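A look at the structure
One letter stands for each residue in the lines below.
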Amino acid sequence: MRRSGVSLAEVASLENLTRAFWRAAQGKRERLDVVRFAAALDLELAGLGAAIRDGSVQVGEMHSFEIRDPKRRTIHAPCFRERVLHHALVAQIGPPLDRALVDDTFACRRGRGSLAAVMRAQGHLRRADWYVKVDIRGYFSSIDHAVLRAALRRKLKDRGVLGLCDRIIASHAVSPGRGLPIGALTSQHFANYYLAPLDRLLLEGLRGDVLGIVRYMDDTIAFCGSRQQARAILRAIEACVGERLRLRLRPPQIQRSERGVSFLGFRVQRSSLRLSRRRRRRYAAARRALEAAYAAGALAGHELQAGLGAALAITAHADARGWRQAELRRRPAVDA
């Protein structure tokens, strides 16, 4: 595998850092830490560039909070200066890492995304009789630092860049030598790249059995022609994930394609897309909260309408018109 020659000087260049600042500030221009950074932008960027070049840049300063989506997750959001650093680093190492990925992985990639992954899965359902669906238990928290560092060294060669990556990786650990923080831009790209060997195994090592795959971060579906092939594919996945990547699978699923598959918030059938229970609950909860706030006088009519429009977006792209109509009959809309 040819390694990329992207250098630490390119990461630390003023032009790269300036672009990184604007990307990191997008949607956050009113926050106090962003306002302070922008007020002394030239000095901040010059100082950050110098710290990157001499290896003294601070990493690991994060704000932690919990969300439910629907399960409880701990988010570790880097401070704004470190967000700029992460954007600057990903701008340079992101393209070579992306080129190492197969076409059938859809997370954190320009022009891809979850809906494209769902549509690809539907296409594979139509042409294959069986599938194997797997995901990783506690994926971000169980990524092995040593395995990740070795993988990065197979793709990048500049010592300064690798040293910066090592420091970012080592700045967070859920258990000794394991874990990436959910909420950091570098974590998303590192985690997506981490499973590239599994993609290659399925598409190249098991070419005779696998008819196609689709992966969105750690959610992977491999399509094949028979139950026997599905079982063989699962054994190969278990060996790769457990021995090479040092991860553990959640209970896998082997199923006929004609029965459909639950994937990324949809129930994907060969001829339709249905809302998953999770998306239906999210829509119902969002609607109840908005209407309660309006009834309490906390929202104006136009704000309620805008909020309901956003809630309806949860149901977009699915064949959900009948379900939405039934939901409105059960719980009529309030007048705004």
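In what follows, the structure referred to is the one given above.
Residues numbered from 1 in each chain as written. Predicted model: local features only at pLDDT ≥ 70, side-chain atom pairs only at ≥ 80, totals over all residues. Heavy atoms only, no water.

1. What about the environment of Val-214?
If you trace the backbone, Val-214 turns up in strand S4 (residues 212-216). Linking Val-214 and Ala-121, residues 93 residues apart in sequence, is a C-alpha distance of 6.2 Å. If near-sequence neighbours (up to four positions away) are discounted, Val-214 is found in contact with Asp-104, Phe-106, Ala-117, Arg-120, Ala-121, Asp-219, Thr-220, Ile-221, Phe-223 and Phe-263. (Helix = DSSP H or I, 4+ residues; strand = E, 2+ residues; numbered from the N terminus. Contact = heavy atoms within 4.5 Å.)

2. Details of helix H11 (residues 196-205)
Residues Ala-196, Pro-197, Leu-198, Asp-199 and Leu-202 constitute the buried set of H11. For H11, the secondary structure elements touched by its buried residues are helix H10 (185-194), S4, strand S5 (219-224) and helix H12 (227-244). (Buried < 20%, exposed > 50% of the residue type's maximum accessible area, 1.4 Å probe, protein only.)

3. Thoughts on the side chain of Asp-104
Residue position: Asp-104 is located in the loop between helix H5 (80-99) and helix H6 (114-127). In contact with Asp-104, not counting residues within four places along its chain, are Arg-120, His-124, Leu-203, Ile-213, Val-214 and Arg-215.

4. Quick word on the sheet that holds strand S6 (residues 253-256)
The strand order across the open sheet built from four strands is S4-S5-S3-S6, with neighbouring strands paired in antiparallel fashion. Each of the sheet's edge strands pairs with one partner strand only, and the pair in question is S4 and S6. For this sheet, the mean angle separating the axes of adjacent strands, direction not counted, is 15°. Seen against the sheet, H11 touches S4 and S5 and runs at an angle of roughly 170° to S4. Sitting on the sheet, H12 touches strand S3 (130-134), S5 and S6, and the angle it makes with S3 is about 25°. (Pairing = 2+ DSSP bridges. Axes fitted to C-alpha atoms, helices over the stretch in contact; angles between N-to-C directions.)

5. Details of the side chain of Arg-83
Of note, Arg-83 is situated in helix H5. One buried charged side chain, Arg-83, makes no salt bridge at all; its nearest oppositely charged neighbour is Asp-33, positioned 7.3 Å away. Not counting residues up to four positions away in its chain, the partners in contact with Arg-83 are Ala-24, Lys-28 and Pro-78. (Lys, Arg positive; Asp, Glu negative; His and termini not counted. Salt bridge = Lys/Arg side-chain N within 4 Å of Asp/Glu carboxyl O.)

6. Re the sheet that holds strand S8 (residues 266-268)
Across the sheet, three strands lie side by side as S7-S8-S9; this open sheet has antiparallel pairing. Of all the strands in the sheet, just strand S7 (261-263) and strand S9 (273-275) have a single pairing partner and so form its edges. Taken pair by pair, the neighbouring strands of this sheet meet at an average axis angle of 35°, ignoring direction. Where S8 lies against S9, three bridges are found, and the strand directions are antiparallel. In the sheet register, Phe-266 faces S9, and the bridge partner there is Leu-275.

7. Here we look at empty space enclosed by the protein
Applying the stated criterion across every chain, the model contains one cavity of 30 Å³ or more. Put simply, the largest cavity is a space of about 50 Å³. In terms of lining, the largest cavity is formed by Met-62, His-86, Ile-168, Ile-169, Ser-171, Leu-180, Pro-181, Ala-184, Thr-186, Ser-187 and Phe-190. Where the lining of the largest cavity is concerned, the elements lending two or more residues are helix H9 (159-170) and H10. (1 Å grid on protein atoms, 1.4 Å probe; cavity = no way out; pocket = protein on both sides within 12 Å on 5 of 7 lines; lining within 4 Å. Points joined across faces, edges and corners; volume = space filled by probe spheres on them.)

8. Concerning the nonpolar core
Within soluble globular proteins, side chains that are nonpolar generally end up buried alongside one another. Of all hydrophobic cores here, the largest spans 72 residues; its most connected members are Ile-52, Tyr-139 and Leu-152. Discounting chain neighbours no more than four positions away, the residues touching Tyr-139 are Ala-191, Tyr-194, Leu-195, Met-217, Asp-218 and Leu-247. Residues Ile-221, Leu-273, Ala-318 and Ala-320 belong to the second largest nonpolar core, which totals 19 residues. (Core = buried A, V, L, I, M, F, W, Y, C linked by side-chain atoms within 4.5 Å.)

9. Concerning the environment of Thr-315
Among the secondary structure elements, Thr-315 is positioned in the loop between helix H14 (301-313) and helix H15 (321-330). Separated by 140 residues in the primary sequence, Thr-315 and Ser-175 have C-alpha atoms spaced 38 Å apart. If near-sequence neighbours (up to four positions away) are discounted, Thr-315 is found in contact with Leu-275, Tyr-283, Ala-320, Trp-323 and Arg-324.

10. Some words on the packing of helix H13 (residues 277-295) against H15
Put simply, H13 and H15 touch, their axes get as near as 12 Å, and they point 40° apart. Relative to H15, the element H13 lies oblique. As H13 packs across H15, the resulting crossing turns out to be right-handed. Here Arg-280, Tyr-283, Ala-284 and Arg-287 of H13 come into contact with H15, specifically with Trp-323, Glu-327 and Leu-328. The residue makeup of the contact of H13 with H15, split by class, is four nonpolar, no polar and three charged. (Parallel < 35°, antiparallel > 145°, perpendicular 65-115°, else oblique. Left-handed = near helix turned anticlockwise from the far one by under 90°. Nonpolar A, V, L, I, M, F, W, Y, C, P; charged D, E, K, R; others polar.)

11. Looking at the packing of aromatic side chains
Any two aromatic rings considered together are summarised by their centre-to-centre distance and by the angle between their planes. One pass over the structure, following the stated rule, counts six aromatic pairs. Measuring from centroid to centroid gives 4.9 Å for Phe-21 and Trp-22, while their planes differ by 70°, and the two rings are edge-to-face. The exposure class assigned to Phe-21 is buried, which follows from its relative accessible area of 1%. Here a set of aromatic residues connected by ring pairs shows up, and it is made of Phe-21, Trp-22, Phe-37 and Phe-80. Its guanidinium or amino end placed over the ring of Phe-106, Arg-112 lies 5.7 Å from that ring's centre, counting from NZ or CZ. (Phe/Tyr/Trp six-rings, centres within 6.5 Å; stacked < 30°, edge-to-face > 60°. Lys NZ or Arg CZ within 6 Å of the ring centre and 35° of its normal.)

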